[in-house]
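# Notes for the structure review
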Amino acid sequence: MERLDRLGWTAEVAFESYGIRIGVRVNRPETLEHLTTLFPPGWRPSPGPVVDWLFSLLVGETQGRVRKFHMLYAGITRRARTLDLEAALDTLEADLRQIVAAHARRRVFVHAGVVAWGDQAILIPGRSRSGKTTLVHELVRAGAVYYSDEFAVLDSAGRVFPFAKPLSLREGDGIRRCRAEELGGVSGGPPLRVSAVILTEHRAGARWRPARQSAAAGLLALLGHAVPIRLRPEPTLSALEKVVSRAAILKGPRGEAEPTARLILERAADWGRGAVARAG
Amino acid sequence: MKPRAREAGLVVRELEGELLVYDLEVHRAHRLNRSAAVVFQGCDGRTSVRELADRLQRALGRPTDERWVRLALGRLARAGLLESGSTGPDVAAGVSRREVMQRAGRVAGLTLLLPAVTSIVAPTPAEAAASCVVNCSGQAFGTPCSNSNPSDCGVVCVCNGAGGCVLAADGITPCP
């Protein structure tokens, strides 16, 4: 760390997100303003000098024909060495979210898309490239309120909070980021109870005809996407248990996202009533 | 034989008659359907297989026999949920589902009643957020993978660290 500390750091910023204090230092002060756009939703400046995690971004300079690598470190671990600054920043953004998701205090992060319909939430667990963002996108276009396309953020009572970063829509080999408002939708507000957990993946030609699953099956499925399960098993299980004990658990392949979104929203009110009945 | 269920290092949650068991030692999670749950909860080291079969029959409200219990014990032992040495060596071999079904005859919904244990390897924080891979070459053990069905990713199938995509439950059987 001492060798890293000796490099010419000229600016730094510290922020807090979900109880985690993170610092980022850079060698080019003009980079700082852009960095803040990469911070997790809901971040706020941290007043103290002490942080839990420290990132160091060394922006490589180009002098004539000589190009220097951009270097990114998390603590003393090198996370990126690249001539593409955007790639280094993408790594930083992903690492920041990952740290918050794994270590957040009093919240459980589950890899899932989330929308609200009425006063309840619908969870769509899935990994990257499982098609959940596409489905969330269509749900928002159809009138659902956007909460997240990456993480369901749960409290100990099983309520889900918004994590409304811009949607990352895959277009060919690239990713286009857009806010829910650009899709004619709105981004979410208060924490909500979950009325349905939808376990699905895209299958060409399929029509979404989900089968009801047991609460234990739902818990097992959610657990497979729960970021802190190994770090904090008991509180993670407790939060997930609260979700599955009232929500409808539905599993089955889907076809195209647009008709699936329509089917989901047609049935969402029933799930909401069922969830209220189970909770009562 | 009076099997005993493990207690240390397990977090157990009961949901509508089924159990979710999280093994803190190896970070595996197991879903026990109702039949497997009844047997697991009855494994106190004092109850015989015959008594467990009676208990299972009362819980399910349909005829069962010792084969059902042995099937459950085999599944529970394979998941590491029984105290080692509390069951005989024949339990590890277990009784096949097919054998039990042949004896039970054709009954609607029988396959749902048979003892079943579904297991997954709990993801590390990085794995939980990781993309699914279709080629495990060069991928670390535990990386989520799928061969045909993306929903298998991580929950059912993981890379074995040697280039293969295998069932998470046993770490050996190739993923379908």
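Residues numbered from 1 in each chain as written. Chains lettered and ligands numbered in written order. Predicted model: local features only at pLDDT ≥ 70, side-chain atom pairs only at ≥ 80, totals over all residues.

### With respect to the overall build of chain B
- Helices and strands together make up the secondary structure of chain B, namely seven helices and six strands.
- Ordered by position in the sequence, the α and β elements of chain B form the string β-β-β-α-α-α-α-α-α-β-α-β-β.
- Taken across its 176 residues, chain B has 42% of its residues classed as buried.
- In chain B, once contacts between residues fewer than 6 apart in sequence are set aside, the share between residues at least 24 apart is 44%. (Helix = DSSP H or I, 4+ residues; strand = E, 2+ residues; numbered from the N terminus. Buried ≥ 20, exposed ≤ 12 C-beta atoms within 10 Å, placed from the backbone. Contact = placed C-beta atoms within 7 Å.)

### Some remarks on the sheet that holds strand 2 (residues 18-23) of chain B
Residue and element names in this part refer to chain B.
- Spatially, 1-2-3-4 is the arrangement adopted by the four strands of the open sheet, whose pairing is antiparallel. Strand pairing shows two members of the sheet lacking a second neighbour, strand 1 (10-15) and strand 4 (117-121), which therefore form its edges. Strand-to-strand twist in this sheet, taken as the mean axis angle between neighbours without regard to direction, amounts to 15°.
- Of the strand pairs in this sheet, strand 1 and strand 2 are connected by six bridges, and their pairing is antiparallel. Opposite L10, over in strand 2, you have D23 as the bridge partner.
- Along the sheet, helix 1 (residues 34-42) makes contact with strand 2, strand 3 (28-32) and strand 4, crossing strand 2 at roughly 65°. (Pairing = 2+ DSSP bridges. Axes fitted to C-alpha atoms, helices over the stretch in contact; angles between N-to-C directions.)

### Regarding the nonpolar core
- In terms of nonpolar packing, the biggest core is built from 121 residues, with V115, L123, V160 and V197 of chain A together with V39 and L76 of chain B touching the most fellow members.
- In this structure, V160 of chain A is in contact with V114, A121, L123, Y147, A152, V153, L154, P191, L192 and V194 of chain A, ignoring residues within four places of it in sequence. (Core = buried A, V, L, I, M, F, W, Y, C linked by C-beta atoms within 7 Å.)

### Focus: the sheet that holds strand 7 (residues 70-74) of chain A
Residues and elements named next belong to chain A.
- Taken together, the six strands give an open sheet; going across it, the order is 3-1-2-4-7-8, and neighbouring strands pair in mixed fashion. Bordering the open sheet on either side are strand 3 (44-45) and strand 8 (77-82), each of which pairs with just one other strand.
- Of the strand pairs in this sheet, strand 2 (residues 20-26) and strand 4 (residues 53-58) are connected by five bridges, and their pairing is parallel. Bridged to V26 within strand 4 is L57.
- Running over the sheet, helix 3 (residues 85-103) touches strand 1 (11-17), strand 2, strand 4, strand 7 and strand 8 and is turned about 155° from strand 8.

### Comments concerning the interface of chain A and chain B
- Each partner contributes residues to the interface: chain A has 32 residues there, and chain B has 30 residues.
- Every element with two or more residues in the side of chain A that touches chain B is listed here: helix 3, helix 5 (215-223) and helix 6 (233-244) of chain A.
- Class assignment for the residues of the side of chain A that touches chain B results in 18 nonpolar, eight polar and six charged. (Nonpolar A, V, L, I, M, F, W, Y, C, P; charged D, E, K, R; others polar.)

### Some remarks on the packing of helix 5 of chain A against helix 6 of chain A
Residues and elements named next belong to chain A.
- Put simply, helix 5 and helix 6 touch, their axes get as near as 9 Å, and they point 135° apart. Compared by their axis directions, helix 5 and helix 6 come out oblique. The element helix 5 and its partner helix 6 pack so that their crossing is right-handed. In contact with A215, G218, L219, L222 and L223 of helix 5, helix 6 contributes L240, E241, V243 and V244.
- Residue classes in the contact of helix 5 with helix 6 are distributed as seven nonpolar, one polar and one charged. (Parallel < 35°, antiparallel > 145°, perpendicular 65-115°, else oblique. Left-handed = near helix turned anticlockwise from the far one by under 90°.)

### Some points on the domain arrangement of chain A
- Per the domain assignment, the segments making up chain A are domain 1 (2-103) and domain 2 (108-279).
- Using C-alpha coordinates to define each centre, domain 1 of chain A is positioned 30 Å away from domain 2 of chain A. (Domains from an automatic or database assignment.)

### Examining the pairing of strand 19 (residues 248-251) of chain A
All names here are of chain A.
- Direction of pairing for strand 17 (residues 193-199) relative to strand 19: parallel, over a ladder of four bridges. Of the residues in strand 19, the one forming a bridge with V197 is I249.
- Of the pairings in the sheet, the one linking strand 18 (residues 211-213) to strand 19 comprises three bridges and is antiparallel in character. By the bridge assignment, A211 is partnered in strand 19 with K251.

### Concerning the pairing of strand 7 of chain A
Residue and element names in this part refer to chain A.
- Looking at chain direction, strand 4 and strand 7 are connected through four bridges and run antiparallel. Looking at strand 7, one finds that L58 is bridged to M71.
- Pairing of strand 7 with strand 8 involves five bridges; the strand directions are antiparallel. Within strand 8, the position partnered with Y73 by the bridge is R78.
- Between strand 7 and strand 8, which pair antiparallel and follow one another directly, the connecting turn spans two residues, one of which, G75, has a positive phi of 65°.

### Digging into helix 4 (residues 132-141) of chain A
- A large share of helix 4 of chain A lies buried, amounting to nine of its 10 residues.
- Those residues of helix 4 of chain A not exposed but buried are K132, T133, T134, L135, V136, H137, E138, L139 and V140 of chain A.

### Some words on helix 3 (residues 66-78) of chain B
Residue and element names in this part refer to chain B.
- Counted at 1.5 Å a residue, the expected span for helix 3 with its 13 residues is 18 Å, and the 18 Å between its end C-alpha atoms agrees.
- The buried fraction of helix 3 amounts to 10 of the 13 residues, a majority that puts the element mostly inside the structure.
- Along helix 3, the residues classified as buried are W68, V69, R70, L71, A72, L73, G74, R75, L76 and A77.
- Once helix 3 finishes, G80 follows within two positions and takes phi at roughly 75°, a positive value. (Expected span 1.5 Å × (residues − 1).)

### A closer look at the confidence of the model for chain A
- For chain A, mean pLDDT is 88; residues scoring 70 or higher make up 92% of the total.
- When mean pLDDT is compared element by element in chain A, helix 6 of chain A scores highest at 97, while strand 14 (residues 167-171) of chain A scores lowest at 65. (pLDDT = per-residue confidence, 0-100.)

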